[in-house]
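The primary structure of each chain is shown beneath.
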Amino acid sequence: MEHIVIIGNGISGVTAARHIRKLSDKQITLISAETDYFFSRTALMYVYMGHMTFEHTQPYEHWFWEKNNINLKNGYVQSIDVNGKTLHFSNGDLMTYDKLIIATGSKPNKFGWPGQDLKGVMGMYHKQDLESLENYAPDNKVCKRAVIVGGGLIGIELAEMLNSRNIPVSFLVRESSFWNGVLPEGESAMINRHIRNHHIDLRLRSSLKAIKADRNGKVKSVIIEETGEEIFCDLVGLTAGVSPNIDFIKGSGIETHRGVKVNRFLETNIPDIYAIGDCAEQREPIGLRRPVEAVWYTGRMMGETVAHTICGHRKPYQPGHWFNSAKFFDIEYQTYGWVFANPGEHEAHFHWKHEDDTKCITMSYDKLSRKFLGINTFGIRMRHEVFDQWLTENRDVDYVIQNLNEANFDPEFYTRFEKDILHAYHSQQQIESL
C-alpha cells in the first residue's frame, strides 16, 4: 500500500491528510515535533486569555485519528534522503515514504539581535511559546513590563494577550504608523489610536538594538536603536514577521529559496515530494499574490488541492480572489480583493470612517473603468461570498456602494452604516468632479 508521509500537523498538513483519506485508502502518517494532536494555532491567544482551555483548540477528538486510520508520530525530522525516500529523525529513527508532503509552516524571524536567545525572549507561534508565556508572564507581579518587537498581526495579538492580564506593554514598531506597509493611511492611523486607547505604549519609528541579560541569563531590558533608551522588562516578544521553517531541508536536493519551491501543482523539483502552506514558495506568483503566503486560509486550500493530485486527480492550486481576516483588540478586520497601502497609478481609494473611530472601510477601484478592485472593512462584518461574486463579475464601484447592504453580515439589531457610507461616497465623487 502506498505510504504518504506528511511533515507538519498544522492546518495544511491535516487538511491534506483528511482529504487523502476521503479520496483513498492509502497509508498516511502525520509527523509533528510540536504537539501530538492538531490544534487551531489562531486560537492559542484565547487559551492565555482564559476564554478556552488548550483542549478546546483541538477540533478533533483523540480517537478521530485512529478511526480514520491516520498514523501520528511525534518526532523531529533532521534530514531527508530523497534518493532512498527516507526521513532521518533527531533520535535516530528512520521512516520511508512513497510520497512526501512538506507542511512545516513558519518560524518567527530573528535578525541577529544581541540577546535574542535569552530566557524570557520568545515568539508567539508555537504551543511551546504559549507555555513560555505562562512561565515568564503569568501575572503583572512576575512580569512587570513586556516589550513586543514588530508591528504585525502576531504582535498585536500578543499585546492583547498581555493586556488581558494587566501587564504593561511597550510595543516597538519601526514603521511610522502601524502596519502601514499593508494598510492605507486612514486605517493605519485609526489602529494606532486604538492600540494607545488600550493603554499600550506604542513606540513608532522604534527599532530594537539589543536585549540585555541579568546575571541569570534572563532578559533584563531592551535598548532602542534610534534613541539609545533602555526599557526595563521581564519578557520580550519577537513578532517581526515569520519565515518558512525549512532549515532541515537544506542539502537534500530539494530546491529552496525563501521557501520550498513549488509549481502550480505544489510539486517540488524532486518527484513524489510536495510542499504546502507557509513553507511553500510559488515559482511564479499567482496574480498579485506573494510567492510565500503565510495565511491560514491558503494553507487549508493547498492541503485540499494536493490531496487530489496525490490521489490521481492532478489539480492546480487556484486560490481565487484574495481574502483574509484578523482582529485588532476588539476591532474585526476583513479584506477582499486588493486594497494596497498606496494606490497604483490608475487606482483610487474611497475611505469612510465612523465618528466613534472604531469602524471604517476603504474601497479600491480603477479610476478609468471604475471597476471594483477590493475592500477593507474594520468593525463592520461583511460576507465573503458576496464580495467574491462581485469581484468575479467585475462589478463597478458604484454598483458595490449601492448594494453594500447585501454584503453586511453584522448580527440582527446592530446599527447599519450603508446610508452614511453612500452619502460620504457621493460627497467625495462631487468634490472630485469639480
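If you're wondering where the values come from, they're calculated on a predicted model, not measured in any experiment. (Residues numbered from 1 in each chain as written. Predicted model: local features only at pLDDT ≥ 70, side-chain atom pairs only at ≥ 80, totals over all residues. Heavy atoms only, no water.)

(A) Spatial organisation of the overall build of the protein. From N to C terminus, the protein includes eleven helices and 25 strands. Against the globule reference of 22 Å for 434 residues, the protein gives a C-alpha radius of gyration of 23 Å, in line with a compact fold. In terms of overall dimensions, the protein has a C-alpha envelope of 70 × 60 × 40 Å along the principal axes. Split into buried and exposed, the 434 residues of the protein put 52% on the buried side. Long-range contacts, defined here as pairs at least 24 residues apart, represent 60% of the contacts in the protein between residues at least 6 apart. (Helix = DSSP H or I, 4+ residues; strand = E, 2+ residues; numbered from the N terminus. Rg over C-alpha atoms; globule rule 2.2 N^0.38 Å. Buried < 20%, exposed > 50% of the residue type's maximum accessible area, 1.4 Å probe, protein only. Contact = heavy atoms within 4.5 Å.)

(B) Geometry of the environment of Ala137. With respect to the helices and strands, the residue Ala137 is situated in the loop between helix H4 (127-136) and strand E10 (146-149). If near-sequence neighbours (up to four positions away) are discounted, Ala137 is found in contact with Tyr48, Cys143, Leu162, Arg165, Ile167 and Leu235.

(C) Here's a closer look at the sheet that holds strand E15 (residues 230-232). Across the sheet, which stays open at both edges, the three strands sit in the order E13-E14-E15 with antiparallel pairing between neighbours. The strands lining the two open edges of the sheet, one partner per strand, are strand E13 (208-213) and E15. Between one strand axis and the next, the sheet turns by 25° as a mean value, whatever way the strands run. Relative to strand E14 (residues 219-224), E13 runs antiparallel, the two being bridged by five bridges. By the bridge assignment for E14, Lys212 is matched with Ser221. (Pairing = 2+ DSSP bridges. Axes fitted to C-alpha atoms, helices over the stretch in contact; angles between N-to-C directions.)

(D) Spotlight on the packing of aromatic side chains. The full count for this structure, using the stated rule, is 23 aromatic pairs. Summarising the aromatic geometry, the rings of Tyr297 and Phe323 are spaced 4.7 Å apart at their centres and angled 45° between planes, so their arrangement reads as tilted. Within this pair, whereas Tyr297 is found in helix H7 (residues 296-310), its partner Phe323 is found in strand E21 (residues 323-328), the two being separated by 26 residues in sequence. With a relative accessible area of 21%, Tyr297 lands in the partly exposed category. A relative accessible area of 13% means that Phe323 is categorised as buried. Aromatic pair Trp390 and Tyr399: ring centres 5.9 Å apart, planes at 90°, arrangement edge-to-face. The partly exposed category is assigned to Tyr399, whose relative accessible area is 26%. The structure contains a cluster of three or more aromatic residues connected by ring pairs, namely Phe171, Phe178, Trp179, Phe328, Tyr333 and Phe378. Its end group placed over the ring of Phe265, Arg314 keeps NZ or CZ at 3.7 Å from the ring centre. Positioned over the ring face of Tyr399 is Arg395, at 4.0 Å from the centre of the ring. (Phe/Tyr/Trp six-rings, centres within 6.5 Å; stacked < 30°, edge-to-face > 60°. Lys NZ or Arg CZ within 6 Å of the ring centre and 35° of its normal.)

(E) Geometry of helix H6 (residues 185-197). Given a rise of 1.5 Å per residue, 13 residues ought to cover 18 Å, and the 18 Å separating the end C-alpha atoms of H6 matches this to within 8%. Among the residues making up H6, those that are buried are Glu187, Ser188, Met190, Ile191, Asn192, His194 and Ile195. At the C-terminal side of H6, His199 shows a positive phi close to 65°. (Expected span 1.5 Å × (residues − 1).)

(F) A look at the sheet that holds strand E19 (residues 273-275). Taking strand neighbours across the sheet as the criterion, the five strands line up as E3-E2-E1-E7-E19 in an open arrangement whose pairing is parallel. Because the sheet does not close on itself, it has two edges, and the strands there are strand E3 (70-74) and E19. Each strand axis lies, on average, 20° off the axis of its neighbour in the sheet, ignoring direction. Of the strand pairs in this sheet, strand E7 (residues 99-102) and E19 are connected by three bridges, and their pairing is parallel. Bridge pairing links Leu100 to Ile273 in E19.

(G) Spatial organisation of the pattern of salt bridges. Inspection of the entire model under this criterion finds 25 salt bridges. A salt bridge links Glu131 to Lys127, with the nearest nitrogen and oxygen atoms 2.5 Å apart. With Glu131 and Lys127 both in helix H4 and four residues apart, this pair spans about one turn of that helix. Under the relative-accessibility criterion, Glu131 is labelled partly exposed at 42%. For Lys127, a relative accessible area of 15% gives the class buried. A salt bridge links Arg283 to Glu255; the nearest nitrogen and oxygen atoms lie 2.9 Å apart. Of this pair, Arg283 sits in the loop between strand E20 (280-282) and H7 while Glu255 sits in the loop between strand E17 (242-244) and strand E18 (260-262), and the two are 28 residues apart along the sequence. (Salt bridge = Lys/Arg side-chain N within 4 Å of Asp/Glu carboxyl O.)

(H) Local environment of the state of the cysteines. In the structure shown here, the tally under the stated rule is zero disulfides. Looking at the unpaired Cys233, the closest cysteine sulfur is the one in Cys143, lying at 7.8 Å. (Disulfide = S-S within 2.5 Å.)

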